[in-house]
Amino acid sequence: MQVVTTDKNLREAIGNRSDSSCGFVPTMGALHEGHLALIRRAVELAGTVVVSIFVNPTQFGPGEDFQKYPRTLEADLLAAEQAGADIVFTPDLQTMYPGYGTPTGVTVDTPPLPATATEPALEDYHRPGHFAGVCQVVARLFDLVMPRFAVFGEKDYQQLLVLSAMVRANDTRWPHLQVIAHPTLRDDDGLAMSSRNRYLTPAQRQRALSVSRALQTASDCETAESAESAMRSLLLAQNLVIDYAVVRHARTLMPLRGTTEPARALIAARVDSVRLIDNAPVAIGTRPDTSYT
Ligand code: PAF
């Protein structure tokens, strides 16, 4: 496995591969089994697998955890190699954003978000500017890697929808790129795997389990209203502070209008200072829909 830090070395490393059709897994490091599953999926899809590790400052809001975000490069490299990555790209800020902080810095058009252009929804509402930052960094990475496949986890469900929309809206820029969604991986206790789980104390982790339990409960409910109310009760019983606990249209993230639409339950809630997000398909209406792209 090659580790490269500059865009020039990245292009060379990809070009030197006998099969340079790329599967790409962008990450912010602190790799866990969820990330490794994405890498393994990319290995199944493509001859060359590139993983990027970059903690992107532009997707963190003021007061969020950019500074304390776990940085575990040595362990990440070992894990990525074992999962089958061929190239790991670990750029610095100036490589990613030449002229960062100046008016000449990289700019990337943010595509319209799938929920609604006039009313930011869910993550977009609670983390203003977050998706602009995500699209900025991922667009830059796509330009550098020019992957054939990019693999993202369903754990960040709205991010998956936003990035799929970005790729669709830029089909001349990345004409062959296909976004691949990978199901969320969970620990045995049900907690969705996340780099931020390491912030949780054992006691907080017990309370955090209410998130996956709430999603499980939602899947047994017959209406969106009863699912939302059941989720809220479970989360509040563990003293979580809820940003949202909703059932939405699985593709637009708008409130459901009928009972025949594909539905997804989505939660963002805080266990003290640790913010967790999770989601699951729910069978309110027809079958859960998983065709994002
Ligand atoms: O999901 C993440 O880890 C990040 O949002 C991503 C896609 C790597 C962009 O920084």
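Here, every reference points to the structure presented above.
Reading the values: rules and limits
Residues numbered from 1 in each chain as written. Predicted model: local features only at pLDDT ≥ 70, side-chain atom pairs only at ≥ 80, totals over all residues. Heavy atoms only, no water. Helix = DSSP H or I, 4+ residues; strand = E, 2+ residues; numbered from the N terminus. Buried < 20%, exposed > 50% of the residue type's maximum accessible area, 1.4 Å probe, protein only. Core = buried A, V, L, I, M, F, W, Y, C linked by side-chain atoms within 4.5 Å. Contact = heavy atoms within 4.5 Å. Expected span 1.5 Å × (residues − 1). Near = heavy atom within 4 Å. Polar contact = N/O pair within 3.5 Å; in protein donor to acceptor, adjacent residues only side chain to side chain. Areas by Shrake-Rupley, 256 points an atom, 1.4 Å probe, with all protein chains shown as cover. Nonpolar A, V, L, I, M, F, W, Y, C, P; charged D, E, K, R; others polar.

Colleague: Whenever I open this one, unusual backbone geometry confuses me. Can you help?
Modeller: Trans peptide bonds make up the majority, and among non-glycine residues the majority have a negative phi. Not every positive phi belongs to a glycine, and Ala30 is a case in point at roughly 50 degrees. The topology assignment puts Ala30 in the loop between strand S2 (22–27) and helix H2 (33–45). Owing to a relative accessible area of 0%, Ala30 belongs among the buried residues under this scheme.

Colleague: What exactly am I supposed to notice about the nonpolar core here?
Modeller: Here is a general trend for soluble globular proteins: nonpolar side chains tend to be buried in one another's company. The biggest cluster of nonpolar side chains holds 34 residues, and the ones touching the most others in it are Met231, Leu235, Val247 and Ile267. Broken down by element, this core gets its largest block of residues, six residues, from helix H8 (residues 202–218). Residues in contact with Leu235, not counting those within four places in the same chain, are Ser210, Val211, Ala214, Leu240, Ile242, Ala245 and Ile267. By size, the runner-up hydrophobic cluster in this structure holds 32 residues, among which are Phe89, Leu141, Trp174 and Leu177.

Colleague: Help me understand helix H6 (residues 130–145), please; the structure alone is not making it clear to me.
Modeller: Think of an α-helix as turning once every 3.6 residues; residues three or four places apart then point the same way. Between its first and last C-alpha atoms H6 spans 22 Å; for 16 residues at 1.5 Å apiece the expected length is 22 Å, and the two agree. Summarising burial for H6: 14 of the 16 residues are buried, a large majority. After H6 finishes, the residue Met146 shows a positive phi value of roughly 50 degrees.

Colleague: Where do I start with the site of the ligand in this structure?
Modeller: With respect to spatial proximity, the complete set of residues near the ligand consists of Pro26, Thr27, Met28, Gln59, Val137, Val138, Asp156 and Gln159. The side chain of Gln59 places a nitrogen or oxygen atom 2.6 Å from an oxygen atom of the ligand. A distance of 2.7 Å separates an oxygen atom of the ligand from a polar side-chain atom of Gln159. Starting from 290 Å² of accessible surface for the ligand in isolation, the protein chains cover 89%. Split by residue class, the shell around the ligand holds four nonpolar, three polar and one charged.

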